[in-house]
Amino acid sequence: GIRLGYTPDVLTDSVADTTIALMLAASRRVPEAISAAKDGEWGTWSPYWMTGQDLSHATVGIVGLGAIGAEVARRLSGFHCKVLYAGRTRKEPIEQELGIEYVTQDELLQQSDFVSVHSALTPETAGLCSDEFFAKMKPTAVFVNTSRGGLVNQDALYNALHESRIYSAGLDVTMPEPLPLDSPLFTLKNCVILPHIGSASIRTREAMTQIAVANTIQALNGEKMQYEVAL
């Protein structure tokens, strides 16, 4: 007799925004630069101090072009990026709308300056981002994950970052959550880790609350919920 409601679509924009924020933070070394300013490391101007990678005019690969991946691609047009995507199915209407290109995952990893993962977590995709995955990326590439922590083999990611086989990473999701404080990922300057705040905008959380309340009232009144999972 238990009924289950859900809140679809409301977090798409906020997670896409967080993805772009992580791309910029990880590529331009934002947390590292903030620490340098606070810790007194900010000295006289030097041409290559705190330099990073540009998002503008970069090639960005999106693994999994769902609603959030498509919104990320839409935002990247403002940065004049070339956008590639890989996934189980080709989505030609979105390709035509956004001017993006469908490629194999291997081609995406080999060509992209940024790799952003937006796949669903399934038994088939668990551990998708493995040693082999990171080995195919450029040493100057930035890896971003705002989808599910279980998609990433975190030991493989640590090794790739620690050995400078990829440039940096930005994570909003980990496995487990919260990520234990003794995780080696926290020791890396080139890994930006957020505490799963992808949907943490006031507008998004209010929209989620409104749908949850409406679902609850409908269920209590014996009505069909607006967004209900068939059990």
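Described below are features of the structure shown in this document. (Residues numbered from 1 in each chain as written. Predicted model: local features only at pLDDT ≥ 70, side-chain atom pairs only at ≥ 80, totals over all residues. Heavy atoms only, no water.)

**A few points about the overall build of the protein**
Looking only at helices and strands, one finds eight helices and nine strands in the protein. Compactness check: the protein gives a C-alpha radius of gyration of 19 Å against a globular reference of 17 Å for 231 residues, within 12% of the reference. Once the C-alpha set of the protein is aligned to its principal axes, its extents read approximately 65 × 40 × 35 Å. Partitioning the intrachain contacts of the protein with sequence separation of at least 6 by distance along the chain shows that 65% fall at a separation of at least 24. When the accessible surface of the protein is split by element, carbon and sulfur atoms take 54% of a total near 12800 Å². Counting 18 positive and 26 negative side-chain charges, the protein places the averaged centre of each group 2 Å from the other. (Helix = DSSP H or I, 4+ residues; strand = E, 2+ residues; numbered from the N terminus. Rg over C-alpha atoms; globule rule 2.2 N^0.38 Å. Contact = heavy atoms within 4.5 Å. Areas by Shrake-Rupley, 256 points an atom, 1.4 Å probe, with all protein chains shown as cover. Lys, Arg positive; Asp, Glu negative; His and termini not counted. Charge placed at Lys NZ, Arg CZ, Asp CG, Glu CD.)

**Some details on the sheet that holds strand β4 (residues 101-102)**
Strand order in the open sheet formed by seven strands is β4-β3-β2-β5-β6-β7-β8, with parallel pairing between adjacent strands. The open sheet is flanked by β4 and β8 (191-193), the only strands paired with a single partner. In this fold helix α3 (residues 67-76) packs onto β2 (59-63) and β3 (82-86), with an angle of close to 170° to the strand it touches most, β2. (Pairing = 2+ DSSP bridges. Axes fitted to C-alpha atoms, helices over the stretch in contact; angles between N-to-C directions.)

**Examining the packing of aromatic side chains**
For the structure shown, the criterion picks out five aromatic pairs. Ring geometry for tyrosine 85 and tyrosine 102: centres 5.0 Å apart, planes at 50°, overall tilted. Here tyrosine 102 lies in strand β4 and tyrosine 85 lies in strand β3, a separation of 17 residues in the sequence. Given a relative accessible area of 27%, tyrosine 102 falls into the partly exposed group. A ring pair is formed by phenylalanine 133 and phenylalanine 143, whose centres lie 6.1 Å apart and whose planes are at 85°; its orientation type is edge-to-face. Here the residue phenylalanine 133 occupies a position in helix α6 (residues 131-135), and phenylalanine 143 occupies one in strand β6 (residues 142-145), the gap between them amounting to 10 residues. (Phe/Tyr/Trp six-rings, centres within 6.5 Å; stacked < 30°, edge-to-face > 60°. Buried < 20%, exposed > 50% of the residue type's maximum accessible area, 1.4 Å probe, protein only.)

**Some words on the pattern of salt bridges**
Applying the stated criterion to the full structure yields 12 salt bridges. Sharing partners across several salt bridges, the network here consists of Asp13, Asp17, Glu71, Arg74, Arg75 and Glu97. (Salt bridge = Lys/Arg side-chain N within 4 Å of Asp/Glu carboxyl O.)

**Focus: the side chain of serine 27**
Tracing the backbone through its elements, the reader meets serine 27 in helix α1 (residues 12-27). According to the relative accessible area criterion, serine 27 is buried, its value standing at 0%. At 2.7 Å, the side chain of serine 27 and the backbone oxygen of methionine 23 are in polar contact. Engagement of the side chain of serine 27 in a polar contact is seen with the backbone oxygen of leucine 24, the distance being 3.4 Å. Leaving out residues up to four positions away in the same chain, serine 27 has contacts with Leu22, Gly52, Gln53, Phe114, Val142, Tyr167 and Ser168. (Polar contact = N/O pair within 3.5 Å; in protein donor to acceptor, adjacent residues only side chain to side chain.)

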